[in-house]
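Topology and contacts: notes
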2 protein chains.
Amino acid sequence: MKDLFGTHENKLDAKGRVSVPASFRNAWKDVPEMTLIIRPSAVPDCLEVWPEPTYEQFRQEVRALPKNTPERLAQETIVFSQAVPAEIDPQGRISIPADLAEEIGLSASVCFVGRGDYFQIWDPAKAKAFLKATRAHIHKVAIEAPSS
Amino acid sequence: MKDLFGTHENKLDAKGRVSVPASFRNAWKDVPEMTLIIRPSAVPDCLEVWPEPTYEQFRQEVRALPKNTPERLAQETIVFSQAVPAEIDPQGRISIPADLAEEIGLSASVCFVGRGDYFQIWDPAKAKAFLKATRAHIHKVAIEAPSS
DNA sequence: GGTCCTTTTGCCACTTTATGGGAAAACGTG
DNA sequence: CACGTTTTCCCATAAAGTGGCAAAAGGACC
């Protein structure tokens, strides 16, 4: 389970399938037939996709919370209710559930964004805006720092 | 892993590949088949290229940050989403991903700038401007300092 | 100035990846 | 139980990426 790097854009086909970038598949190929978990992210307009073995930690965190508290209920929602398992098919594709696709405004193309342990799924235009905002912030810091 | 010195200019081929200067390869040749990590720099209009073993420290820094904070998300973007691993091929070349090349305005030629532990990749004209601006800044400091 | 060696770079061939479409299987409904 | 719909699997083609050879360019050293 190597880290996931980079951003990649692939096309949704008529059946709602899309190829997972080869570099992501290769990074995880030491666990064959691995299940993935797709869920909405805390970041608006994107989904998170986790390998099931890594996702186990979230489940344990939820179970450690005291029952029937607002935090526990909220975490149960995030970790279970809105999350769905998915498999990578023999051609390296996943199908994105229609309700989640709609939630983040997916249309023809899908942008995959590597985040180390997991990846994000975005509409390409929104992904670009998200990444650009971070870069702009970093450049601002780099330019301002020496003169201060 | 000796330090990288100097600046060198090489040409991109039709497929986005370019020879890494021999002096850089030689400086790193004690780690055979080393993976490199290419990412946008905090300095606008250039890329940074790090040896994977050195890059490990950045990954650990990210993982030490609390999840879902603005800092963590920004660092995940810098360290993973915009970074890509690259290998030096048997001819001593690396291929620069199209999106990163576009980001810094690369065209036919690539300028490699040694920075000790890592090197930068620039469009030659911009590299020249960057180095010149830095020298001017240093001269200014050298002249002003004694009079203060 | 000429020869040899290293480095760079163009080009071709091959492998891998992405994607469209068709057939079979599973599912749900009336 | 039969039908239509949806999902999954598999094949085939297209596109992209990777590796390798070999010629050209550049330097070093006689």
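Procedures and definitions
- Just so you know, the residues in each chain are numbered from 1, in the order the chain's sequence is written.
- Each chain is given a letter, starting from A, and each ligand a number, starting from 1, according to the order in which they appear as written.
- For this predicted model, a pLDDT threshold of at least 70 governs which residues receive local features, and a threshold of 80 or more governs which side-chain atom pairs are given and counted, while totals over whole chains, interfaces and linings are taken from all residues.
- Computation of side-chain values covers all heavy atoms of the structure but excludes hydrogens and water.
- In this analysis, the protein atoms alone were mapped onto a 1 Å grid. Cavities are point sets where a 1.4 Å probe fits without being able to get out; pockets are open sets with protein on both sides within 12 Å along at least five of seven lines; lining residues have an atom within 4 Å of a point.
- Grid points are joined across faces, edges and corners, and a volume is the space filled by probe spheres set on the points.
- Where helices and strands are cited, they refer to DSSP runs of H or I of at least four residues and of E of at least two residues respectively, numbered from the N terminus.
- Two residues form a contact once any of their heavy atoms are found within 4.5 Å.
- Using a 1.4 Å probe, buried area is obtained as the accessible area two parts lose upon being combined, added over both of them.
- By definition here, a salt bridge exists when the distance from a side-chain nitrogen of Lys or Arg to a carboxyl oxygen of Asp or Glu is within 4 Å.
- Polar here means any residue outside two lists: the nonpolar Ala, Val, Leu, Ile, Met, Phe, Trp, Tyr, Cys and Pro, and the charged Asp, Glu, Lys and Arg; Gly therefore counts as polar.
- Classification of ring pairs uses Phe, Tyr and Trp, with its six-membered ring standing for Trp, and accepts pairs whose centres are within 6.5 Å; under 30 degrees between planes counts as stacked, over 60 as edge-to-face, and the remaining range as tilted.
- Relative accessible area decides the class of each residue, using a 1.4 Å probe on protein chains only: under 20% of the type maximum gives buried, over 50% gives exposed, and in between gives partly exposed.
- The rule is short: NZ of Lys or CZ of Arg within 6 Å of the ring centre and within 35 degrees of the ring normal puts a charge over the ring.
- Here the copies are matched by least squares. The fit uses the C-alpha atoms of residues with pLDDT of at least 70 in both.
- A pair of strands is labelled paired if DSSP reports no fewer than 2 bridges between them.
- For helices, the fitted line uses only the C-alpha atoms of the stretch in contact; every axis is such a line through C-alpha atoms, and the angle between N-to-C directions lies from 0 to 180 degrees.

**What to know about empty space enclosed by the protein**
- Applying the stated criterion across every chain yields a total of one cavity of 30 Å³ or more.
- Lining of the largest cavity is provided by Arg-115 and Asp-117 of chain A together with Val-62, Arg-63, Arg-72, Glu-76 and Phe-80 of chain B.
- When residues of the lining of the largest cavity are traced back to their parent elements, those giving at least two are α2 (52–64) and α3 (70–81) of chain B.
- If you tally residues by element for the lining of the largest cavity, the top one is α3 of chain B, at three residues.

**Here's the deal with the interface of chain B and chain A**
- The interface of chain B with chain A comprises 25 residues on the first partner and 24 residues on the second.
- For the pairing of chain B and chain A, the buried interface totals around 1900 Å² over both sides, and the portion due to carbon and sulfur atoms is 56%.
- Viewed at the interface, chain A and chain B are joined by five salt bridges.
- Its salt-bridge partner being Arg-59 of chain B, residue Asp-3 of chain A comes within 2.8 Å of it at the nearest N-O pair.
- Taken together, the elements giving at least two residues each to the side of chain B that touches chain A come down to β3 (35–40), α2, α3, β5 (84–87) and α4 (98–103) of chain B.
- Split by residue class, the side of chain B that touches chain A holds 14 nonpolar, five polar and six charged.

**Some remarks on the packing of aromatic side chains**
- For the coordinates displayed, the defined rule picks out 16 aromatic pairs over all chains.
- Ring centres of Phe-24 of chain A and Phe-119 of chain A lie 5.2 Å apart, and the angle between their planes is 35°; this geometry places the pair in the tilted category. On the criterion of sequence distance, the pair formed by Phe-24 of chain A in helix α1 (residues 22–27) and Phe-119 of chain A in strand β8 (residues 119–122) is long-range, its members being 95 residues apart. Each member of the pair, Phe-24 of chain A together with Phe-119 of chain A, is buried.
- Ring-pair connections join several aromatic residues into one group, and the members of that group are Phe-5 of chain A together with Trp-50, Tyr-55, Phe-58, Phe-80 and Tyr-118 of chain B.
- The residue whose ring lies beneath Arg-39 of chain A is Phe-58 of chain A, and the NZ or CZ to ring-centre distance is 4.6 Å.

**What about the relation of the copies chain B and chain A?**
- After a rotation of 21° and a shift along the axis of 12 Å, chain B superposes on chain A with an RMSD of 0.6 Å.
- Mapped onto chain A, only 8% of the interface residues of chain B again fall at the interface, so the copies present different surfaces.

**Thoughts on the sheet that holds β8 of chain A**
Residue and element names in this part refer to chain A.
- An order of β1-β7-β8-β4-β3-β5 is seen for the six strands of this open sheet, with the pairing classed as antiparallel. At either margin of the open sheet sits one strand with a lone partner, and together these are β1 (7–11) and β5 (84–87). For this sheet the average axis-to-axis angle between neighbouring strands, irrespective of direction, equals 30°.
- Summarising the sheet, strand β4 (residues 47–51) and β8 pair through three bridges and their orientation is antiparallel. Counterpart to Glu-48 in the pairing with β8 is Gln-120.

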